[in-house]
Structure formats: C-alpha cells, structure tokens
Amino acid sequence: MTIAIYPGSFDPITNGHLDILKSGSEIFEKVIIAVSYNVNKKGFLSVEERVELIKKSVKHLPNVEVDSFEGLTVEYAKMKKADVLLRGLRTSFDFEYELQLSQANNALNNDLKTIFLITKPEYNFISSSMVREILVNNGDISKFVPKAVEEYLISKRGI
Ligand code: ADP
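Calculation rules
Residues numbered from 1 in each chain as written. Predicted model: local features only at pLDDT ≥ 70, side-chain atom pairs only at ≥ 80, totals over all residues. Heavy atoms only, no water. Near = heavy atom within 4 Å. Polar contact = N/O pair within 3.5 Å; in protein donor to acceptor, adjacent residues only side chain to side chain. Areas by Shrake-Rupley, 256 points an atom, 1.4 Å probe, with all protein chains shown as cover. Helix = DSSP H or I, 4+ residues; strand = E, 2+ residues; numbered from the N terminus. Core = buried A, V, L, I, M, F, W, Y, C linked by side-chain atoms within 4.5 Å. Buried < 20%, exposed > 50% of the residue type's maximum accessible area, 1.4 Å probe, protein only. Contact = heavy atoms within 4.5 Å. Pairing = 2+ DSSP bridges. Right-handed = clockwise from strand over helix to strand, strands pointing away. Phe/Tyr/Trp six-rings, centres within 6.5 Å; stacked < 30°, edge-to-face > 60°. Axes fitted to C-alpha atoms, helices over the stretch in contact; angles between N-to-C directions.

### So, the site of the ligand
(1) Moving on: Contacts to the ligand come from 16 residues, most closely from Y6, S9, G88, Y123 and I126.
(2) Moving on: A distance of 2.9 Å is found between an oxygen atom of the ligand and a side-chain nitrogen or oxygen belonging to Y6.
(3) Moving on: In this structure, H17 approaches the ligand through a side-chain N or O atom, which is 3.1 Å from an oxygen atom.
(4) Moving on: Here the ligand, which alone exposes 550 Å², has 86% of that area covered by the protein.
(5) Moving on: Contributing elements (two or more residues each) for the shell around the ligand: β1 (3-8), α1 (15-27), β4 (84-89) and α4 (92-108).

### Thoughts on the nonpolar core
(1) Moving on: Ranked by size, the top nonpolar core spans 31 residues in total, and within it Y6, L21, V31, I33, I54 and V58 carry the most contacts.
(2) Moving on: If you tally residues by element for this core, the top one is helix α2 (residues 47-57), at 4 residues.

### Some details on the environment of S36
(1) Moving on: Relative to the helices and strands, S36 resides in strand β2 (residues 30-37).
(2) Moving on: Between the C-alpha atoms of S36 and L99, which are 63 residues apart in sequence, the distance is 19 Å.
(3) Moving on: The contact partners of S36, leaving out residues within four places of it in the chain, are G8, S9, R50 and F69.

### Brief notes about the pairing of β2
(1) Moving on: The sheet contact formed by β1 and β2 spans 6 bridges and is parallel. Of the residues in β2, the one forming a bridge with P7 is A34.
(2) Moving on: Taking the sense of rotation as the criterion, the β-α-β connection linking β1, α1 and β2 turns out right-handed.
(3) Moving on: By the bridge criterion, 7 bridges tie β2 to strand β3 (residues 64-70) in an arrangement that is parallel. Bridge pairing in β3 places S36 opposite F69.
(4) Moving on: With respect to chirality, the unit in which β2 leads through α2 into the neighbouring parallel β3 is right-handed.

### What to know about the packing of aromatic side chains
(1) Moving on: Counted according to the given criterion, the structure contains 3 aromatic pairs.
(2) Moving on: Between Y6 and F10, the ring centres sit 5.1 Å apart and the planes meet at 75°, which makes this aromatic pair edge-to-face. Take Y6 and F10: they sit in the same class, and that class is buried.
(3) Moving on: Judged by centre distance (5.9 Å) and plane angle (85°), the rings of F125 and F144 are edge-to-face. Linking F125 in the loop between β5 (113-118) and α5 (128-136) with F144 in the loop between α5 and α6 (147-157), this pair joins segments that are 19 residues apart in sequence.

### Here we look at the environment of G8
(1) Moving on: Mapped onto the fold, G8 is located in strand β1.
(2) Moving on: Along the chain, G8 and S25 lie 17 residues apart, while their C-alpha atoms are 16 Å from each other.
(3) Moving on: Every residue in contact with G8, bar those within four places of it in the chain, is listed here: A34, V35, S36 and R87.

### Some words on the sheet that holds β3
(1) Moving on: The parallel open sheet is built from 5 strands, whose spatial order is β3-β2-β1-β4-β5. Unpaired on one side and paired on the other, β3 and β5 mark the two borders of the sheet. Strand after strand, the sheet turns through a mean of 35° between neighbouring axes, direction not considered.
(2) Moving on: On top of the sheet, α4 reaches β4 and β5; it is set at about 170° to β4, its chief contact.

### Some details on unusual backbone geometry
(1) Moving on: Residues D11 and P12 are joined by a peptide bond in cis, for which omega reads 5°.
(2) Moving on: For P12, the position within the fold is in the loop between β1 and α1.
(3) Moving on: Phi angles above zero are rare outside glycine, and F10 is one such case at about 45°.
(4) Moving on: Within the fold, F10 resides in the loop between β1 and α1.
(5) Moving on: F10 sits in the buried class, given a relative accessible area of 2%.
(6) Moving on: A positive phi is found at K81, a non-glycine position, where the angle reads about 55°.

Below is the structure:
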C-alpha cells in the first residue's frame, strides 16, 4: 500500500489544495493531509481550527486522513511509514521553492519521493494568503474555499 503525505500550512484549506488532495487520493491508496506547524509561529487560524476545517472538507474522500505535526516532514513521514510526499505546483515561483524543498527532504531521507501535481487553471491563482486578504476586506471568498471553510471564516469575522 502506497501512503502519501500531503503536508502544508492550510491556513485555511482552499479549493486549490482540495483539488490536489482529490487527485492524490485517486492515485494513492491512502493520503494523509497534515498541517505542519511551528509553535513559535502564530498562524491566522489555530492548528486545531485548520484540522477541523480540513476534516469537514474531505468527508467525501474515504482514503484521506487528517493530522498535524511539528518538526521535520521527513521524520513525520517516517513515523507514518509514508513513501511519498504530495505537493501542488501553480507557478514557476512554486517550482523554485518546491525544488529546493524536495531536494533537501531527499538529502535527509533518500527513500522518500516527492510527487508534484499541477493545479487546474481555475485554481492557479488561489492561495491561503489571498483568501485571508479578501476575507479581512469583507470580500466574497465563496469561489475559493470549501463551503464549510467559508461559513466558519464568515462567522469568525463577525466576532
Ligand atoms: P506551505 O506553507 O507548506 O507552502 P500551503 O498550505 O501554502 O503550505 O501549500 C501546501 C501545498 O499546496 C504546496 O505544495 C502548495 O504549492 C500547494 N498549493 C497551494 N495552493 C495551491 C493551489 N491553488 N493549487 C495547487 N496547489 C496549491
């Protein structure tokens, strides 16, 4: 059984993330989407909130598990007995960053392979930071995030 980890900040999860995850779940027997965090870095949403929103957004994908971890992705992957890291690519900027990251991970664990999936054109410009920016400026985020995420963020904005 091939286990893939899809690590990221997911602050919050977007439709772009979800599309990569869905494709990954069609390729691999099991995909663990894992919020990677650093206790010293405060995010927009807490790790618990991010995990909860991902859980609500992936209910239709039976072979997807949701988790979080702190520290090196390679160590987490080893603990989960994963063979593959799944990442998404939008632009050449993503590519430059992801190339270095995957080579560093590969230097730390030669057995772990990073597999990239290219985003669909309609999700190409979507990022968590863009969603946060639209949200704080009272814009409409409904096209960019799953329904559960939209509802939660709007209710939180109202607090
Ligand atoms: P990180 O901080 O690890 O980059 P992100 O949550 O920003 O975490 O992204 C996680 C992964 O998802 C990365 O590989 C990123 O390139 C990819 N990704 C982010 N947004 C999109 C999108 N709209 N389409 C496809 N992949 C995406």
